[in-house]
Amino acid sequence: MRAPRPATAPSDPAPHWWEAAICGAIIAMMTGALIGPVFAPTQEETPILRLVWLPAYAAIAGLLLYRIDRLWRAWPAVLAMAAVIGLAFASRYWSIDFATTMRRVIALAISCGFALYLGGVFRGPHLPRLLMLTTLVMAVGSLIMVFGFPHIGVHQAENAGLWRGLWYEKNQMGAVMVIGATASAACLASPDRRRLLPAIALVLSSVLVLATQSKTSLLCLALGVGTIGGFWTLRRGGAAFSVAAIWVAVVLAGLGIWVWETHSVAVLEALGKDPSLTGRTDIWEALMRKVADRPWTGYGYGAFWGREGESAPADWVRKETQWPVPNAHNGWIDLLVQLGWPGAFLVGTLMGATALVTMLRSAGAGLREGWWALGFLAAFFVLSLSESILMAHQGLPWVLFLAVLTRAVLPSSTAAAVALAPPGRRAYQTGSRIAAQYPNGPVRRPPLPVR
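Residues numbered from 1 in each chain as written. Predicted model: local features only at pLDDT ≥ 70, side-chain atom pairs only at ≥ 80, totals over all residues. Heavy atoms only, no water.

1. Thoughts on the overall build of the protein chain
Okay, step 1: A count of helical and extended segments in the protein chain gives 20 helices and zero strands.
Okay, step 2: Expressed as a percentage of its 451 residues, the buried residues of the protein chain come to 46%.
Okay, step 3: Restricting the contact set of the protein chain to residue pairs at least 6 apart, pairs at least 24 apart contribute 73%.
Okay, step 4: About 23100 Å² of surface is accessible on the protein chain, with carbon and sulfur atoms providing 68% of the total. (Helix = DSSP H or I, 4+ residues; strand = E, 2+ residues; numbered from the N terminus. Buried < 20%, exposed > 50% of the residue type's maximum accessible area, 1.4 Å probe, protein only. Contact = heavy atoms within 4.5 Å. Areas by Shrake-Rupley, 256 points an atom, 1.4 Å probe, with all protein chains shown as cover.)

Here is the structure:
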């Protein structure tokens, strides 16, 4: 008799455990967990901090070489990343800080390589599970800092009493925990039956987001987890339920847009936020006046926000706003001051194309990964409106976005498995391989009746 086929065949092979361990450590570094507060307590780039990254860069290069046979299939993502790096590199010709631009372009290129590796190797449910486990470890570490070392884990002066865990400020912890909660929700929505750790991670990440009292992080949490929960519900419901749910979602979205357009001040006050978004609108107005001076080039990649006395445009903005602004608190405006409208158009095009392709492929890939990519993209877009995360040279949200882009353009796992299958597993087999499938000898069928 023919050997029975396995009930389930994994279409997304899991990477080695040591690959997951290395990637988890690099992901934690990209969040700035503990490393920044220890080696750069003033939030300024230091030589020691650059040296800390050298082993990570070497590990990324080694991982890329080890998996080069898989990564070449993601050539559309490589072209997209090359366009991003090329524009950043070209800005050196008009940058107001040539050395900083070149140094950060190199870091950006390495981060893009790591994103390519994550998207090409951690297929299907493996990337959200890696993120879930990594953020769970950081969440436990944050609790240790909050209760064991409150001078590090809790804000002492500004935002006194609010939790910040392993990071400089509460918004950083909020963004990282949103990533962890979204990944945990995806693990729960995927066919994987290992649900205890994802459930613990989802609860713990959500609690830490609430402890930051960051309204942006809370909104991203609701949107990311809600998107995953919505797609999970649509799949479990029937066709009539799906149509009704989509109709309700569209109506609620339209109602929300109308309320925001007509009563935004009242909404912000109800959320405990002042209409200036804690001074952000003043920063944006000042920055847009500087953008008007260089609308098509910007001031160079990573060069605008120099230290006081090193960047005349940034000093002017700080003087206008009357406080030491560290960044634009808006990813799109930060892109404009660095690379002008071409940079914003390029990133916007990549985001739109990635969302469209991911949505079209969500019927198959989305089910395996628990619709993590769609939930992350929703949270990523909202976060980009409040934080400077776009084209960050060492930023986890930007790396994960490029990983989603890589996963979106890769061939399906089934096609890749057939193409990469070893000869022993292909359809055409001869000799001992065929005999091994029939240990009891050839199957003899009764002769056909003669008519």
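2. Examining the confidence of the model for the protein chain
Okay, step 1: For the protein chain, the mean per-residue pLDDT works out to 83, and 76% of the residues sit at or above 70.
Okay, step 2: Low pLDDT, under 50, characterises residues 414–431; the predicted model gives this stretch eight contacts beyond four residues in sequence or across chains. (pLDDT = per-residue confidence, 0-100.)

3. Describing the pattern of salt bridges
Okay, step 1: Under the defined criterion, the tally for this structure stands at six salt bridges.
Okay, step 2: Across the salt bridge formed by Arg 67 and Glu 19, the nearest N and O atoms sit 2.6 Å from each other. One end of the pair, Arg 67, is in the loop between α3 (47–66) and α4 (68–71); the other, Glu 19, is in helix α1 (residues 17–31), and 48 residues separate them in sequence.
Okay, step 3: The buried category is assigned to Arg 67, whose relative accessible area is 9%.
Okay, step 4: When its relative accessible area of 0% is taken as the criterion, Glu 19 is described as buried.
Okay, step 5: For Asp 192, the salt bridge identified is with Arg 194, shortest N-O distance 2.7 Å. (Salt bridge = Lys/Arg side-chain N within 4 Å of Asp/Glu carboxyl O.)

4. Some details on the nonpolar core
Okay, step 1: Counting residues in each nonpolar core, the largest one holds 110 residues, and the members touching the most others are Leu 118, Met 391 and Trp 398.
Okay, step 2: The biggest single contributor to this core is helix α9 (residues 170–189), with 12 residues.
Okay, step 3: Beyond its immediate sequence surroundings of up to four residues, Met 391 is in contact with Val 84, Ala 88, Leu 108, Tyr 301, Leu 335, Leu 339, Val 347 and Trp 398. (Core = buried A, V, L, I, M, F, W, Y, C linked by side-chain atoms within 4.5 Å.)

5. What to know about the side chain of Ser 206
Okay, step 1: By the secondary structure assignment, Ser 206 is in helix α10 (residues 196–212).
Okay, step 2: Among the residues examined, Ser 206 registers a relative accessible area of 19% and is labelled buried.
Okay, step 3: Here Ser 206 is in contact with Ala 181 and Leu 221, once residues within four sequence places are set aside.

6. Section: the packing of aromatic side chains
Okay, step 1: Summed over the entire model, instances satisfying the criterion amount to 11 aromatic pairs.
Okay, step 2: On the numbers, 4.9 Å between centres and 75 degrees between planes, the contact of Phe 304 with Trp 305 is edge-to-face.
Okay, step 3: By relative accessible area, Trp 305 is classed as buried at 18%.
Okay, step 4: Aromatic rings pair up to connect Trp 372, Phe 376, Phe 380, Trp 398 and Phe 401 into one cluster.
Okay, step 5: For Lys 290, the ring lying beneath its charged end belongs to Trp 316, and the centroid distance is 4.9 Å. (Phe/Tyr/Trp six-rings, centres within 6.5 Å; stacked < 30°, edge-to-face > 60°. Lys NZ or Arg CZ within 6 Å of the ring centre and 35° of its normal.)

7. Some details on the environment of Ala 353
Okay, step 1: Mapped onto the elements, Ala 353 comes out in helix α15 (residues 331–360).
Okay, step 2: Looking at Ala 353, the relative accessible area reads 39%, which means it is partly exposed.
Okay, step 3: Note: C-alpha distance between Ala 353 and Ala 408 (55 residues apart in sequence) is 9.5 Å.

8. Focus: the side chain of Gln 338
Okay, step 1: The topology assignment puts Gln 338 in helix α15.
Okay, step 2: Using a relative accessible area of 11% as the deciding quantity, one classes Gln 338 as buried.
Okay, step 3: A polar contact of 2.6 Å, which involves the side chain of Gln 338, links it to the backbone nitrogen of Gly 302.
Okay, step 4: Residues in contact with Gln 338, not counting those within four places in the same chain, are Trp 94, Thr 297, Gly 298, Tyr 299, Gly 300, Tyr 301 and Gly 302. (Polar contact = N/O pair within 3.5 Å; in protein donor to acceptor, adjacent residues only side chain to side chain.)

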